[in-house]
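Each chain is listed here by its residues.
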Amino acid sequence: DAGVTQSPTHLIKTRGQQVTLRCSPKSGHDTVSWYQQALGQGPQFIFQYYEEEERQRGNFPDRFSGHQFPNYSSELNVNALLLGDSALYLCASSLGQGANSPLHFGNGTRLTVT
Amino acid sequence: GNSVTQMEGPVTLSEEAFLTINCTYTATGYPSLFWYVQYPGEGLQLLLKATKADDKGSNKGFEATYRKETTSFHLEKGSVQVSDSAVYFCALSSDTNAGKSTFGDGTTLTVKP
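I will try to describe carefully the structure that is included in this document.

1. Quick word on the overall build of chain B
Summing up its helical and strand segments, chain B has zero helices and 12 strands in all. The linear arrangement of helices and strands in chain B, starting from the amino end, is β-β-β-β-β-β-β-β-β-β-β-β. Computed over the C-alpha atoms, the radius of gyration of chain B is 13 Å, within 12% of the 13 Å expected from 2.2 N^0.38 for a compact globule of 113 residues. Structurally, chain B occupies a C-alpha span of about 45 × 25 × 20 Å along its principal axes. In chain B, once contacts between residues fewer than 6 apart in sequence are set aside, the share between residues at least 24 apart is 55%. Carbon together with sulfur atoms contributes 47% to the accessible area of chain B, which is approximately 5,200 Å² in total.

2. Brief notes about the sheet that holds strand β7 (residues 64–68) of chain A
All names here are of chain A. Strands sit in the order β1-β3-β8-β7 across an open sheet of four strands; the sheet is antiparallel. A single partner strand is all that each edge strand has here, and the edge strands are β1 (5–7) and β7. Averaged over all neighbouring strand pairs, the angle between strand axes comes to 20°, with direction disregarded. Here five bridges tie β7 to strand β8 (residues 74–78), and the two strands are oriented antiparallel to one another. Along β8, the bridge assignment pairs phenylalanine 64 with valine 78.

3. Topic: the packing of aromatic side chains
For any pair of aromatic rings, the description rests on two quantities: the centre-to-centre distance and the angle between the ring planes. According to the stated counting rule, one finds 11 aromatic pairs over all chains in the structure shown. Where tyrosine 25 of chain B meets tyrosine 66 of chain B, the ring centres are 6.2 Å apart and the plane angle is 75°; that geometry is what we call edge-to-face. One end of the pair, tyrosine 25 of chain B, is in strand β4 (residues 23–26); the other, tyrosine 66 of chain B, is in the loop between β8 (62–65) and β9 (75–77), with 41 residues separating them in the sequence. As far as burial versus exposure is concerned, tyrosine 25 of chain B and tyrosine 66 of chain B are alike and both buried. Through a chain of ring-to-ring contacts, the aromatic side chains of Tyr35, Phe45 and Phe105 of chain A together with Phe34, Tyr36 and Phe103 of chain B assemble into a single cluster.

4. Describing the sheet that holds β8 of chain B
Residues and elements named next belong to chain B. In space, the four strands of this open sheet follow the order β3-β9-β8-β7, with antiparallel pairing throughout. Looking at the sheet topology across the chains shown, the edges are occupied by β3 (19–21) and β7 (56–59). Looking at each pair of strands side by side, their axes are set apart by 15° on average, direction ignored. Bridge analysis of β7 against β8 gives four bridges, and the strand direction is antiparallel. Of the residues in β8, the one forming a bridge with serine 58 is glutamate 63.

5. Examining the pattern of salt bridges
Residue and element names in this part refer to chain A. If you walk through the whole model with that rule in mind, you get seven salt bridges over all chains. The closest approach of N and O atoms between arginine 22 and glutamate 75, which form a salt bridge, is 3.4 Å. Residue arginine 22 is located in strand β3 (residues 19–24), and its partner glutamate 75 is located in strand β8; the two are separated by 53 residues in the primary sequence. Exposure remark for arginine 22: the relative accessible area of 42% places this residue in the partly exposed category.

6. Regarding the interface of chain B and chain A
It is common to report an interface's size as the accessible area lost on association of the parts. Across the contact, 22 residues belong to chain B and 22 residues belong to chain A. Buried area between chain B and chain A, summed over both chains or domains, comes out near 1,700 Å², and the portion from carbon and sulfur atoms is 51%. Joining chain B to chain A, the criterion identifies four residue pairs in polar contact (both at pLDDT 80 or more). Mapped by element, the contributors of at least two residues to the side of chain B that touches chain A are β5 (32–38), β6 (45–50), β10 (86–93) and β11 (101–103) of chain B. With four residues, the single largest contributor to the side of chain B that touches chain A is β5 of chain B.

Analysis parameters
Residues numbered from 1 in each chain as written. Chains lettered and ligands numbered in written order. Predicted model: local features only at pLDDT ≥ 70, side-chain atom pairs only at ≥ 80, totals over all residues. Heavy atoms only, no water. Helix = DSSP H or I, 4+ residues; strand = E, 2+ residues; numbered from the N terminus. Rg over C-alpha atoms; globule rule 2.2 N^0.38 Å. Contact = heavy atoms within 4.5 Å. Areas by Shrake-Rupley, 256 points an atom, 1.4 Å probe, with all protein chains shown as cover. Pairing = 2+ DSSP bridges. Axes fitted to C-alpha atoms, helices over the stretch in contact; angles between N-to-C directions. Phe/Tyr/Trp six-rings, centres within 6.5 Å; stacked < 30°, edge-to-face > 60°. Buried < 20%, exposed > 50% of the residue type's maximum accessible area, 1.4 Å probe, protein only. Salt bridge = Lys/Arg side-chain N within 4 Å of Asp/Glu carboxyl O. Buried area = accessible area lost by both parts, 1.4 Å probe. Polar contact = N/O pair within 3.5 Å; in protein donor to acceptor, adjacent residues only side chain to side chain.

So, in structure tokens, the structure goes:
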């Protein structure tokens, strides 16, 4: 049973560039959420996708956008990268949007912006 | 808005010691509460959960009780092992923001033999 997979594992970009991160949810899951985790802090919610639509959004600027495909996989796009965007980006999948549905996390993509 | 506050770490214990990691929360509605664990080199994984007041979540010898009156969800284990060394995150998911989980900043536990 494949868990949540993310690619790439590491990425180095230059300020002002654009980046795309990818996520495949755990088998049987239909909801994907993205989180940003700065060093020494807890994950911060970016947004959630369900039925190919953005359903919830955290306090992140429009530079952060996403997409969910019919097979439930998802992409996170960040435009006009800033140094402060350097972080671990986590994808989490769940079954449905219920508050009781625990999140299953991937190992993350480490983004470094120079 | 929702928030989660965890006791500041790091926490260092000897093997077989008793563990408590404090967690308090602020939320609207009736949140579900979770503890996630991140072992070295691995992703976050669910440790235990509780979905209503007075529920006790338990797993791998860890326990936490949902206390609505004190808005707390403290994590406990009677006898820790070296293999319990990890970062522990308290989190909540509220009925009013289904799927949008709020996490604490994590507590690093190191268990020495």
